[in-house]
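Chain by chain, the residues run as shown.
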Amino acid sequence: MQRLAMDLRMLSRELSLYLEHQVRVGFFGSGVGLSLILGFSVAYAFYYLSSIAKKPQLVTGGESFNRFLQDHCPVVTETYYPTVWCWESRGQTLLRPFITSKPPVQYRKCVVFNNRGVAGENLLTPRTYCCANTEDLETVIHHVHSLYPSAPFLAAGVSMGGMLLLNYLGKIGPKTPLKAAATFSVGWNTFACSESLEKPLNWLLFNYYLTTCLQSSVNKHRHMFVKQIDMDHVMKAKSIREFDKRFTSVMFGYRTIDDYYTDASPNRRLKSVGIPVLCLNSVDDVFSPSHAIPVETAKQNPNVALVLTSYGGHIGFLEGIWPRQSTYMDRVFKQFVQAMVEHGHELSSM
């Protein structure tokens, strides 16, 4: 016992001297702090490279489209390195608008389709837009094609725009004048999207804010809707589902919100798409849950390719240490469009 007490006293004295030395020389000057930082950095790098940075999953319904993408759009098979300090879904989704730059772009033969009630202050008809109704989009596509019938004609849709584009392609099949299309961060199943966004944290970060944006956009044209819609009830909605139930589904004549959400879900029409379509989604996207992505349906259509990343959020896809310039989504879009314009003819001969 005496020997144990002596050892403890000696250990305590040495520890006291060590701590006093640490205070005098500083945490980092002792080398311990630097060792801890280096150790943490190595551990984090190992975790990042083994669990975060991964090649996307490429799902195609035919060998020809798969080979075409590997030859001319290699970005879909390369390892995606999400921003090392911001790879979580919600972080990517929230930060992308503030981090990425918006350089001036010189467009050539580019058309931006604005839905009714979105651009400008004037709404000329008592009608807005929804994911299921493709009449306006069809009109724009056929009008542009009539002006430039010999030009290579492609379309791209992001988020809700992608849902609208896929629903159009699923309805019209191969009769579209479009040569190819690309979609990004599409919500494949509207029921699953709504359920995910109604989870407490997602409702707080996204759902409530987007609901207020929708309310603001229709309230500007309130006088156009009061005869057919209870606008006071619409303005009390606390979620996108409530807004759609009180406004969107009524506006477009659906009997129930479930009828509208069924018709608005692109997964139902994917099998009927008749042109090459590349669809980029992140499996951690809270707007489009991974279990709702129609992987098996995509395997049955030779015109469809799903590119699924492990991280990226909703329209995030940030990459690099400081993701100021282009994102992974930008690179996929650029390579795919270039591939279709320059080598699209190879698909018909494969």
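Residues numbered from 1 in each chain as written. Predicted model: local features only at pLDDT ≥ 70, side-chain atom pairs only at ≥ 80, totals over all residues. Heavy atoms only, no water.

**Focus on the packing of aromatic side chains**
Turning to step 1, where the next piece is worked out: Applying the stated criterion to the full structure yields 14 aromatic pairs.
Turning to step 2, where the next piece is worked out: With centroids separated by 5.8 Å and ring planes inclined at 20°, the aromatic side chains of Trp85 and Trp322 adopt a geometry described as stacked. With a gap of 237 residues between them, Trp85 in the loop between α3 (63-72) and α4 (89-99) and Trp322 in the loop between β5 (304-309) and α14 (328-343) connect regions that are remote in the sequence.
Turning to step 3, where the next piece is worked out: A residue is classified by how much of its surface remains accessible, and Trp85, at 42% relative accessible area, is partly exposed.
Turning to step 4, where the next piece is worked out: With 5.3 Å between their ring centres and 45° between their planes, Trp203 and Tyr208 make a pair best called tilted.
Turning to step 5, where the next piece is worked out: Put simply, the rings of Phe191, Tyr254, Tyr260 and Tyr261 pair up and form one aromatic cluster. (Phe/Tyr/Trp six-rings, centres within 6.5 Å; stacked < 30°, edge-to-face > 60°. Helix = DSSP H or I, 4+ residues; strand = E, 2+ residues; numbered from the N terminus. Buried < 20%, exposed > 50% of the residue type's maximum accessible area, 1.4 Å probe, protein only.)

**With respect to the pattern of salt bridges**
Turning to step 1, where the next piece is worked out: Within this structure, the stated rule accounts for twelve salt bridges.
Turning to step 2, where the next piece is worked out: One salt bridge connects Arg269 with Asp263, and the closest N-O pair in it is separated by 2.5 Å. Exposure class is identical for Arg269 and Asp263. Each is buried.
Turning to step 3, where the next piece is worked out: The partner of Arg331 in a salt bridge is Glu319, with the nearest N and O atoms 2.9 Å apart. Separated by twelve residues along the polypeptide, Arg331 in helix α14 and Glu319 in the loop between β5 and α14 bring together distant segments of the chain.
Turning to step 4, where the next piece is worked out: Salt bridges linked by common partners bring Glu78, Glu319 and Arg331 together as one network. (Salt bridge = Lys/Arg side-chain N within 4 Å of Asp/Glu carboxyl O.)

**Considering the UniProt feature "active site" (unreviewed entry) in the protein chain**
Turning to step 1, where the next piece is worked out: UniProt's feature table lists "active site" (unreviewed entry) at Ser159, Asp285 and His314, given in the numbering used throughout. Spatially, the listed residues are clustered: although they cover 156 residues, their C-alpha atoms lie within 10.9 Å of one another.
Turning to step 2, where the next piece is worked out: With respect to the helices and strands, Ser159 occurs in the loop between β2 (154-158) and α6 (160-172).
Turning to step 3, where the next piece is worked out: Setting aside residues no more than four positions away along its own chain, Ser159 makes contact with Phe184, Ser185, Val186, His314 and Ile315.
Turning to step 4, where the next piece is worked out: Mapped onto the elements, Asp285 comes out in the loop between β4 (277-282) and α13 (295-298).
Turning to step 5, where the next piece is worked out: Asp285 sits in the buried class, given a relative accessible area of 2%.
Turning to step 6, where the next piece is worked out: Asp285 has contacts with Ser89, Ser185, Gly313 and His314, leaving out every residue within four places of it along the chain. (UniProt positions renumbered as here; feature names shortened; annotations may be inferred. Contact = heavy atoms within 4.5 Å.)

**Quick notes on helix α11 (residues 240-251)**
Turning to step 1, where the next piece is worked out: Of all the positions in α11, only Ile240, Phe243, Asp244, Phe247, Thr248, Ser249 and Met251 are classed as buried.
Turning to step 2, where the next piece is worked out: Tucked into the core, α11 has its buried residues touching α7 (190-197), α8 (200-219), α9 (222-225), α10 (231-234) and α12 (257-264).

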